[in-house]
Amino acid sequence: MVLGKSSDPDRLEQLKAFDESKAGVKGIVDAGITKVPPIFVRPKKDPTTALNHKISGHFSIPVVDLADNEGRSAEMIDQVRRAAESYGLFQVVNHGIPERVMEEMMEATHGFHELPREAKAEYYSRELARNVKYFSGSSLYMLMFADWRDTLQCNISDKQFDPQEIPLVCRDIIMEYSKHAHKLGVILFALLSEALGLKPDHLKNMDCAEEHVILNHYYPPCPEPELAIGTIEHADPDFLTILLQDQIGGLQVLYQNQWIDVPHVPGALVVNIGDFLQLMSNNKFISVNHRVLAKKEGPRISVACFFRPSLENSSRLYGPIKELTSEEKPPVYRGTTMKDYTQCHYKQWEANEVSGLESLKL
């Protein structure tokens, strides 16, 4: 990842003009550009450009069939364990979210982002306290180059959340999808608990499934995809992420220092381990670095569900789970709150281009 304050006055003016237009990346694409604007161009020194070669065809993303998740067979638990330990990511099929709900969620995400600029502008914001907001690039003013992506974010689980805040075009389906995603989250945390050798309800009792955020991403077609990036390399500062993606592709994970495509599997959802689960599992599970390429095809649509505590209200300290530590396996990390870690996480990326977990090591 390449981060840095926008100290160039001209660049800062360009960023402000783009941000204040409230039109997002889609707005500049609709204006008919044929070249990528400078604020989106990756510098040649971006280290991720040197890793664009791919691993041999022997690698494939694990796919776990959840058809009999209530029984949670030893084979299913072992599949989840191996994927979480080795890759930090896997796909799930027969996960319980109806195909209709997934299709309507994708259609509604497309529908919101295709609204006229004026209709979307009232939702445009960078305020942390807003439960529903539309924006382009969550770290717009920190990155040396902006993400080629627009996002609608809904903090569904906030205690004060009012569904009426969600735009009408996607309100009902976001609420329906959210309920299904929560149920799937509970199932996944039970499997992950058992994969750690704990009781099935251990992670759930630690409030891992208590709150989640829905991010509806829209990646417009890019005229020069080799110069831009859809989403910069990062790891998720949460417990777990469930991703619904379309068939266009572009999602990649970093495995053995090489970028691997995460293919679209019909009916499947992508599950990736977040930083907090790596911390709590005492490095037994790994939080995977991933990115999304810019593409000439598009728009690419995806819906991410982040399971995490409230950034503003959570004072709970999370550290390595006691049952997973011993004299032979002492804690690797000190405890932290979600709010403090989020600040630490991005500061570490900015200063050293390493995960925020590094600064928590004992």
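Located above this text is the structure these notes cover.
Here we summarise the structure given alongside this text. (Residues numbered from 1 in each chain as written. Predicted model: local features only at pLDDT ≥ 70, side-chain atom pairs only at ≥ 80, totals over all residues. Heavy atoms only, no water.)

1. Focus: the nonpolar core
Ranked by size, the top nonpolar core spans 68 residues in total, and within it Y177, L188, F189, L192, L203, L269 and M280 carry the most contacts. With sequence-adjacent residues up to four places away left out, Y177 is seen in contact with I97, V101, M102, M105, I214, L244, L269 and V303. Core analysis: the second largest hydrophobic core is formed by 16 residues, V213, V253, Y255 and V262 among them. (Core = buried A, V, L, I, M, F, W, Y, C linked by side-chain atoms within 4.5 Å. Buried < 20%, exposed > 50% of the residue type's maximum accessible area, 1.4 Å probe, protein only. Contact = heavy atoms within 4.5 Å.)

2. What to know about the pattern of salt bridges
Throughout the structure, instances matching the rule amount to 13 salt bridges. A salt bridge links K26 to D30; its shortest N-O distance comes to 2.6 Å. In this pair, K26 and D30 are both assigned in helix α2 (residues 24–30), four residues apart and thus about one turn of the helix distant. With a relative accessible area of 53%, D30 lands in the exposed category. Between E224 and K35 there is a salt bridge, with its nearest N and O atoms 3.7 Å apart. With E224 in the loop between β5 (212–219) and β6 (229–234) and K35 in the loop between α2 and β1 (63–65), this residue pair connects regions lying 189 residues apart in the sequence. A single network of salt bridges, built from pairs that share partners, joins K26, D30 and E114. (Salt bridge = Lys/Arg side-chain N within 4 Å of Asp/Glu carboxyl O. Helix = DSSP H or I, 4+ residues; strand = E, 2+ residues; numbered from the N terminus.)

3. Topic: the packing of aromatic side chains
Under the criterion given, the structure shown has 11 aromatic pairs. Between F18 and F40 the ring centres are 5.4 Å apart and the planes differ by 85 degrees, which places this aromatic pair in the edge-to-face class. Here F18 is found in helix α1 (residues 9–21), whereas its partner F40 is found in the loop between α2 and β1, with 22 residues between them in sequence. Pair check on accessibility: F18 and F40 agree, each one buried. A ring pair is formed by F112 and Y134, whose centres lie 5.6 Å apart and whose planes are at 75 degrees; its orientation type is edge-to-face. With F112 in helix α4 (residues 99–113) and Y134 in strand β3 (residues 132–135), this pair connects stretches of sequence that are 22 residues apart. Taken as a pair, F112 and Y134 share a single burial class, namely buried. (Phe/Tyr/Trp six-rings, centres within 6.5 Å; stacked < 30°, edge-to-face > 60°.)

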